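A look at the structure
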Amino acid sequence: MLKLQTKSSDKQSDMDRTLLIIDDDEDLVAALGEYLPKFNFKVLSSHQPDAGLKILAKEKVDLVILDVMLPGQDGMQVCKHIRLSSAVPIIMLTARGDIGDRIVGLEVGADDYLTKPFEPRELVARIEAILRRSKTLSTQQTLRFKDLEVDLKSHRVKAYGESLELTAMEFEILVLLASKPGTLFTRDQIMNHLRGWIMTVIHALST
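Bear in mind that the values here come from a model prediction, so they are computed numbers and not experimental data.

**Describing the sheet that holds strand S8 (residues 156-159)**
Spatial strand order, S6-S7-S8-S9: 4 strands in an open sheet with antiparallel pairing. The open sheet has two edge strands with one neighbour each: strand S6 (142-145) and strand S9 (162-164). When strand polarity is set aside, the average angle formed by the axes of neighbouring strands in this sheet is 20°. Here S6 runs beside strand S7 (residues 148-151); their pairing, made up of 4 bridges, is antiparallel. Residue pairing in the sheet places Leu143 in a bridge with Val150 of S7.

In structure tokens form, the structure reads like this:
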């Protein structure tokens, strides 16, 4: 059972951040729908994966809360589908605590993993942490990892103090890897990221 707290967040922002919950547990979705707005979140929800993906395509969503066990297609498939076109942060929920599930979830593109049952306040803390990281990355002009320096604005790269000449695609792959140090990316994840980047470039050139 969820233990809902009534304490609201001390932090307020000018605009609500929008969360999308895709979970077929109606009780859980209803409970989170009441709880999360106390922390200045706008909540959208769907009990069906296809309907959830349609919401994501139409609305500006800051983070997705995605259940692993869903009707029609599981959360892993939905996560992979989202990653074909979006880098929106994803927290996956599961009733199983199997470490294998967690690894697969992270490999297909999830940013975090939470096992049911959970304290809603822990979910809020994880959401806040992920959104902070995303905001920092979006405003960062330089990524640094050990002796590697990636200037996002000028597209210049230095390793051990020496400048490197990279193609646009090589630079994009490096940004992906440097943005999440220690994360193992599969070939499919890298290719999906590049597909999204290519579509962005095509759109920019056509406007």
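Once the structure has been displayed, the description carries forward.
**Some words on helix H1 (residues 26-35)**
Buried within H1 are the following residues: Leu28, Val29, Ala31, Leu32 and Tyr35. Take H1 and look down its axis: the buried residues cluster within an arc of 165°, on one side only. For H1, exposure combined with an orientation more than 90 degrees from the buried face picks out Glu26, Asp27 and Glu34.

**A closer look at the environment of Leu148**
Summarising the element assignment, Leu148 is placed in strand S7. Leu148 sits 11 residues away from Ala159 along the chain, and the two C-alpha atoms are 4.6 Å apart.

**Looking at the confidence of the model for the chain**
Averaged over every residue, the pLDDT of the chain is 80; residues scoring 70 or more account for 79%. Long-range and interchain partners of residues 1-14, a stretch whose pLDDT sits below 50, account for 21 contacts in this model, where long-range means more than four residues apart.

**A look at the sheet that holds strand S3 (residues 63-67)**
Read across the open sheet, the 5 strands follow the order S2-S1-S3-S4-S5; overall the sheet is parallel. Of all the strands in the sheet, the pair left with one neighbour each is strand S2 (41-46) and strand S5 (112-115). Geometrically, the sheet is characterised by an average inter-axis angle of 20° between neighbouring strands, direction not taken into account. Summarising the sheet, strand S1 (residues 17-22) and S3 pair through 4 bridges and their orientation is parallel. Across the sheet, the residue bridging to Ile21 is Ile65, located in S3. On top of the sheet, helix H2 (residues 49-58) reaches S1, S2 and S3; it is set at about 160° to S1, its chief contact. With respect to the sheet, helix H3 (residues 75-83) is in contact with S3, strand S4 (90-94) and S5, its orientation differing from that of S4 by roughly 170°.

Conventions and cut-offs
- Residues numbered from 1 in each chain as written.
- Predicted model: local features only at pLDDT ≥ 70, side-chain atom pairs only at ≥ 80, totals over all residues.
- Heavy atoms only, no water.
- Pairing = 2+ DSSP bridges.
- Helix = DSSP H or I, 4+ residues; strand = E, 2+ residues; numbered from the N terminus.
- Axes fitted to C-alpha atoms, helices over the stretch in contact; angles between N-to-C directions.
- Buried < 20%, exposed > 50% of the residue type's maximum accessible area, 1.4 Å probe, protein only.
- Arc of directions from axis to C-beta.
- pLDDT = per-residue confidence, 0-100.
- Contact = heavy atoms within 4.5 Å.

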